[in-house]
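In case you want the letters, here they are:
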Amino acid sequence: MRIDLHTHSTASDGTDAPARVVADAAAAGLDVVALTDHDTTAGWADAAESARRHGIALVRGAEISARSGHVSVHLLSYLHDPTHPDLLAETERTREDRVSRARRMVERIGEDYPLTWEDVLSQTEEGTTIGRPHIADALVATGHVSDRSAAFATILHPGTGYYVPHYAPDVLDAVRAVRAAGGVPVFAHPGADGRGRVVPDVVIEQMTDAGLLGLEVHHRDHSARQVARLEDIAHTLGLLVTGSSDYHGAGKPNRLGENTTAPRVLETIEELGTLDVIR
């Protein structure tokens, strides 16, 4: 059984619609796929319909933005109640601030490059959680950079004067909110030091005390050293070990099913979550 527990659609910063992501996952030979858009569950309904049509199991989830001090942390939440007030309030606040932050970044960029808010909106669909990837796509479309990766390495890099941070809850509060919503929290790409600073082991211990249940160990942004480190931490703390693609369609080179999760881990996630896996 091939299981990929981390993908994105046009509901956040992927380039394919939710139904297309699920259909492509089935075509890629996956048996189970999770849709985990940033701070939103807007793609769940279309993904569920597509899963039934294409005969693939769907894990409904989201990738929750959080922070530990000044370090950005992403938390995968699986099978949670999407109407739970605590988690819903945090994700709505994050999405609203993402839009404000994106506008401010576009204003700064527009002082040096011909770029408008309308250019960014043209890269989104109704209900999309707007973020830096959409600014990157606008920069590509207007000919300022060659692709998303180039945009993030230059104009959108945190070290530039164009960068603006956005609101995100403290990671311990985020873990507790996911658990309160009946979800299964898994720390996404915790060793991806190529993206910036990663949290030390003690923070993962604190997250576990707050209710963290797993680590996304197998991810293309993890070096062999980080995989070994995270496997050891997961074993010591009794955390689930997952692997996934972090697929974004054409937005990133990640391919569906390039890393996968063991069936027994999915069984545990389903036992612990509030929602059922759609089959």
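Not measured: the values here are computed from a predicted model.

Procedures and definitions
Residues numbered from 1 in each chain as written. Predicted model: local features only at pLDDT ≥ 70, side-chain atom pairs only at ≥ 80, totals over all residues. Heavy atoms only, no water. Salt bridge = Lys/Arg side-chain N within 4 Å of Asp/Glu carboxyl O. Helix = DSSP H or I, 4+ residues; strand = E, 2+ residues; numbered from the N terminus. Buried < 20%, exposed > 50% of the residue type's maximum accessible area, 1.4 Å probe, protein only. Pairing = 2+ DSSP bridges. Contact = heavy atoms within 4.5 Å. Axes fitted to C-alpha atoms, helices over the stretch in contact; angles between N-to-C directions. Phe/Tyr/Trp six-rings, centres within 6.5 Å; stacked < 30°, edge-to-face > 60°. Expected span 1.5 Å × (residues − 1). Right-handed = clockwise from strand over helix to strand, strands pointing away.

Taken as a whole and judged by the stated rule, the model has 11 salt bridges. Between Asp221 and Arg195 there is a salt bridge; the shortest N-O distance is 2.8 Å. With a gap of 26 residues between them, Asp221 in the loop between β6 (214-218) and α9 (224-237) and Arg195 in the loop between β5 (184-187) and α8 (201-210) connect regions that are remote in the sequence. For Asp221, a relative accessible area of 30% puts it in the partly exposed group. Through salt bridges with shared partners, one network takes in Arg195, Asp221 and Asp246.

Spatially, β1-β2-β3-β4-β5-β6-β7 is the arrangement adopted by the 7 strands of the open sheet, whose pairing is mixed. On the outer flanks of this sheet lie β1 (3-4) and β7 (240-243), each paired with one strand and no other. As defined by bridge partners, strand β4 (residues 71-78) adjoins β5 across 4 bridges and the pair is classed as antiparallel. Opposite Leu75, over in β5, you have Phe187 as the bridge partner. Against the sheet, helix α2 (residues 44-54) contacts β2 (32-35) and β3 (57-68), and its axis sits at roughly 150° relative to β3.

Take the packing of aromatic side chains next. Applying the stated rule across the entire model yields 1 aromatic pair. Ring geometry for Tyr113 against Tyr162: centres 6.1 Å apart, planes inclined by 70°, an arrangement best described as edge-to-face. Pair noted here: Tyr113 is in the loop between α3 (85-110) and α4 (117-121) and Tyr162 is in the loop between α6 (148-153) and α7 (171-180), with a separation of 49 residues, a long-range link. You can call Tyr113 partly exposed: its relative accessible area is 27%. The class for Tyr162 is buried, based on a relative accessible area of 16%.

A negative phi holds for most residues other than glycine; trans holds for most peptide bonds. Even without a glycine there, the phi angle at His189 is positive, about 30°. Tracing the backbone through its elements, the reader meets His189 in the loop between β5 and α8. Owing to a relative accessible area of 8%, His189 belongs among the buried residues under this scheme. Positive phi, close to 60°, is recorded for Asp246, a residue that is not glycine. Take Asp246: it is sitting in the loop between β7 and α10 (263-272). Residue Asp246 is classed as buried on the basis of its relative accessible area of 2%.

The next thing to look at is α3. Over its 26 residues, α3 extends 37 Å from the first C-alpha to the last, a length consistent with the 38 Å expected when each residue adds 1.5 Å. For α3, the complete set of buried residues consists of Leu87, Thr91, Thr94, Arg98, Arg101, Ala102, Met105, Val106 and Ile109. Lining the buried residues of α3 we find β3, β4, α4, α5 (132-141) and α7.

In terms of burial, β3 is largely enclosed, as 12 of its 12 residues are buried. Residues of β3 alternate between two faces, with Ala57, Val59, Gly61, Glu63, Ser65 and Arg67 on one and Leu58, Arg60, Ala62, Ile64, Ala66 and Ser68 on the opposite face, all of them buried. Here 8 bridges tie β3 to β4, and the two strands are oriented antiparallel to one another. Bridge pairing links Ser65 to His74 in β4.

The next point concerns the pairing of β6. Burial of β6 is extensive: 4 of the 5 residues sit out of reach of the surface. Looking at chain direction, β6 and β7 are connected through 4 bridges and run parallel. Pairing of Leu215 across the sheet is with Val241, part of β7. For the handedness criterion, the β-α-β arrangement of β6, α9 and β7 is classed as right-handed.

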